[in-house]
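Here are the chains, one letter per residue:
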Amino acid sequence: LVKDIYRETEKYIDKDIVVSGWIRTVRASKSFGFIELNDGTFFKNIQIVFEDNLDNFKEVSKFGISSAIIVEGKLVATPEAKQPFEVKASKIILEASCEKDYPLQKKRHSFEFLREIAHLRPRSNTFSAVFRVRSLAAYAIHKFFQDRGFVYVHTPIITGSDCEGAGEMFRVTTVDLNNIPRDKEGKIDFSKDFFGKETNLTVSGQLEAEIYALAFRNVYTFGPTFRAENSNTARHASEFWMIEPEIAFADLNDDMELAEDMVKYIIKYVMENAPEEIEFFNKFIDKGLVDRLNNVVNSEFGRVSYTEAIDILKNADKKFEYPVEWGCDLQTEHERYLTEEVFKKPVFVTDYPKDIKAFYMRINDDGKTVAAMDLLVPGVGELIGGSQREERLDVLEKRMEEMGLNKEDYWWYLELRKYGGVKHAGYGLGFERMIMYLTGMANIRDVIPFPRTPRNAEF
Ligand code: 4AD
Ligand code: MG
C-alpha cells in the first residue's frame, strides 16, 4: 500500500512491488511517460514511470483520469526529484476504464460544483484531505475520552423530548398523511402513531447522557443530531454530529477545563497524524492555519462573562449590524469580534442571561444568569455550548413552569434530581465546526460527506 511505502520507504526501495490504484494524471511522450497514481490509502500520489518497452505502451499513454490500474515494477529512490521515489513499471494492467465524460478532469473546480457531485468529490485532493482528517479527528475524540475512562453512551435518535426547547425538530411519524387522525379539538392524534406519541429526531443527546453520568460519572455521546432550523449559513446544517460529554461531581469550571483539554488534544493529534493533509490546507486553503493551530495548543483560552462581554462590545470601535444590549443573544458578528479582535484566541463566554438559554441550566446566585459557557474560536465562532445543570429539584421545577414546559413529559429527568442527583455539567461540541477549525474550510457543506442543508438531500 502506498501509505506503507511513504511511511517505511527503506523497506521497499530497490524491491519489486505491486501497486494498484486510480490514475490522477498521465503525461506521455513518444518513448516514455509518467502516471500519478493514488491508491486511496494515502493522501499523496505515487509516481509511475513507464517506457516503450511495455507491450501496451500506446494504450497506457492514453489511459483516462480515474482509470483503475495494477502496476508491477521496482521502487527506486529519486533524491534529486520533487517526489522521493518512483515506480519503474515492468507491467501495467487496466482493471477498470474510466469514460471520457468523467467530470473531475484535472483542473481547479469550485466547491459549489463539487457539492453537486458528492459521489465523486472524495477523489479530489481537497476532499481526500478533509475526509481523512474527519476520520482521524473522530478517532482522536474517542481516544481522548476513553483514555480518561469515560463511558461511551449511545443516546436515542428518535425521541419524545426537545432538549433545547427551541422547537426546531424533524417529526418522526407513521401517521397516514393521506388520512390524518385528529382528536376532538382537531389536533393530530398521535396515539395512533407507531410510538403512541409525538416523536422527533433528536436535537441533542444531553438529557439521556445525564442519566448515564449519574450512574457512570463520566460519559460522552458521539452521534448524529438534527435541527430543522431554516438558517442557510455556512455554519449550520440540518444533520450534524455532536460530541456531548457529561461529568458528575463537577461544576462549570471543570466543564471548561475538560473542553479546553479536549480541543487542544484533537488539534495535536491531527497535526501529528495527518501532517501531509495539514500542510496541504495550510498551503491551499488557509495560509495561517498551522500558526493558528500551534497558537491554540500553546495558549490558555480566554474567559469572560457575558456581562463583561456586553461591556466590551458596547465600547468597541466597530459598528455592528445588530446593536448589543444586556439580555440580547450574541450574533456571529459579536462572537467573531470577541474572539478575533479582542482576545485573538479561543475564549469562553460564561454566565448568560437565563432568558436566552435552555431550561436545564443552573441558575446563578444573582437569579438572573445561568452557569452556561460558549467557546468561541477565530474563524468559526461558536464551537462548543455547555453548562452546569440545575440539580435542585425545586428550582428546576419552578423554571420549567416559567418556561411553559410540561413537567409530566420530563418525569424521568426530574426523578434524577430526587435520587442522588449530584451537581453535574457537560457540553456539546459541533463535530463539523471542529473540522472547519482544523482544516480552514469555510463552509460546513464541505466537511460532511453528504450535507443536509435546506433544500438539499440529493444523495
Ligand atoms: O449550543 P448547542 O445547541 O448545545 C446543545 O445542544 C447542548 N445540549 C449541548 C450540551 O450541553 N450537551 O449545540 C452545541 C454545539 C454548538 O456549539 C455548535 O458547535 C453545534 O453544536 N451546532 C451545530 N453545528 C452545525 N449545524 C447546526 N445547525 C448546529 N447547531 C449547533
Ligand atoms: Mg449554542
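So, how was this worked out
Residues numbered from 1 in each chain as written. Chains lettered and ligands numbered in written order. Predicted model: local features only at pLDDT ≥ 70, side-chain atom pairs only at ≥ 80, totals over all residues. Heavy atoms only, no water. UniProt positions renumbered as here; feature names shortened; annotations may be inferred. Pairing = 2+ DSSP bridges. Helix = DSSP H or I, 4+ residues; strand = E, 2+ residues; numbered from the N terminus. Buried < 20%, exposed > 50% of the residue type's maximum accessible area, 1.4 Å probe, protein only. Contact = heavy atoms within 4.5 Å. Patch = residues over 30% accessible without salt bridge, like charges linked within 9 Å, V, L, I, M, F, W, Y side chains within 5 Å. Areas by Shrake-Rupley, 256 points an atom, 1.4 Å probe, with all protein chains shown as cover. Salt bridge = Lys/Arg side-chain N within 4 Å of Asp/Glu carboxyl O. Lys, Arg positive; Asp, Glu negative; His and termini not counted. Charge placed at Lys NZ, Arg CZ, Asp CG, Glu CD. Polar contact = N/O pair within 3.5 Å; in protein donor to acceptor, adjacent residues only side chain to side chain. Near = heavy atom within 4 Å. Axes fitted to C-alpha atoms, helices over the stretch in contact; angles between N-to-C directions. Parallel < 35°, antiparallel > 145°, perpendicular 65-115°, else oblique. Left-handed = near helix turned anticlockwise from the far one by under 90°. Nonpolar A, V, L, I, M, F, W, Y, C, P; charged D, E, K, R; others polar.

An unreviewed UniProt entry annotates the protein chain as Asparagine--tRNA ligase of Caminicella sporogenes DSM 14501. In its Sequence similarities (unreviewed entry) section, the UniProt entry covering the protein chain states "Belongs to the class-II aminoacyl-tRNA synthetase family."

Once that is clear, we can look at the sheet that holds strand β11 (residues 239-248). Reading across from one edge, β6-β10-β11-β16-β15-β14-β13-β12 is the order of the eight strands in this open sheet, with mixed pairing throughout. Both edges of this open sheet fall to β6 (151-152) and β12 (302-305), since each of them pairs with a single strand only. Bridge count between strand β10 (residues 218-226) and β11: nine bridges; the pairing is antiparallel. In the sheet register, N218 faces β11, and the bridge partner there is I247.

Overall, antiparallel pairing links the three strands, which are arranged β7-β9-β8 in an open sheet. Each edge of the open sheet is held by one strand with a lone partner, namely β7 (158-159) and β8 (171-172). Relative to strand β9 (residues 199-201), β8 runs antiparallel, the two being bridged by two bridges. The partner of V172 across the bridge, within β9, is T199.

Turning to helix α6 (residues 206-216), its buried residues number three or more, namely Q206, L207, E208, A209, E210 and A213. Looking at the packing, one finds that the buried side of α6 touches β7, β10, β11, α13 (411-418) and β16 (424-430). Two residues or fewer past α6, R217 is found with a positive phi of approximately 75°.

Take a positive patch on the surface next. A cluster of basic residues, R27, K44, K82 and K283, forms a positive patch on the protein surface. Along the chain, R27 turns up in strand β1 (residues 16-28). The class for R27 is partly exposed, based on a relative accessible area of 46%.

Moving on, we get to the pairing of β10. Within β10, eight of the nine residues are buried, which leaves it mostly tucked inside the rest of the structure. The pairing of β6 with β10 spans two bridges and is parallel. Residue pairing in the sheet places V151 in a bridge with V219 of β10.

A few words now on the environment of R452. With respect to the helices and strands, R452 occurs in the segment after α14 (431-439). Ignoring any residue separated from it by four or fewer positions in sequence, one finds R452 in contact with A237, S238, E239, A457, E458 and F459. Of note is the side chain of R452, whose polar atom sits 2.9 Å from the backbone oxygen of F459.

Structurally, the position occupied by S387 is in strand β15 (residues 381-388). Side chain to side chain, S387 and R389 meet in a polar contact 2.6 Å long. With near-sequence residues (within four places) excluded, S387 lies in contact with L252, D255, Y360, M361, A371, A372, A425 and G426.

So, on to the site of ligand 1. Around ligand 1 lies a shell of 25 residues, among which E164, Q206, E229, E244 and E382 are the nearest. In the environment of ligand 1, a nitrogen atom lies 2.8 Å from a nitrogen or oxygen atom belonging to the side chain of Q206. Separating an oxygen atom of ligand 1 from a side-chain N or O atom of E382 is a distance of 2.6 Å. Notes on ligand 1: free accessible area 630 Å², of which the protein chains cover 94%. Among the secondary structure elements, those contributing two or more residues to the shell around ligand 1 are β11, β15 and β16.

Looking now at the UniProt feature "domain: Aminoacyl-transfer RNA synthetases class-II family profile" (unreviewed entry) in the protein chain. The sites that carry the UniProt feature "domain: Aminoacyl-transfer RNA synthetases class-II family profile" (unreviewed entry) are, in the present numbering, residues 131-449. The span residues 131-449 is 37% helix and 18% strand, and its two end C-alpha atoms sit 8 Å from each other.

The subject of this paragraph is unusual backbone geometry. In this model, D14 sits at a positive phi of 65°, which is unusual for a non-glycine residue. Mapped onto the secondary structure, D14 falls in the loop between α2 (9-12) and β1. D14 gets classed as exposed once you look at its relative accessible area, which sits at 51%. With phi around 55°, R455 is a residue other than glycine that occupies positive phi space. With respect to the secondary-structure elements, R455 resides in the segment after α14.

This next bit is on the packing of helix α5 (residues 125-147) against α14. The geometry of α5 relative to α14 is characterised by a closest axis approach of 10 Å and an angle of 120° between their N-to-C directions. Considered as vectors, α5 and α14 are oriented oblique to each other. Here α5 runs over α14; the crossing is right-handed. Along the contact surface, α5 presents V130, V133, R134, A137, A138 and I141, while α14 presents F431, E432, I435, L438 and T439. Here the contact of α5 with α14 is composed, by residue class, of eight nonpolar, one polar and two charged.

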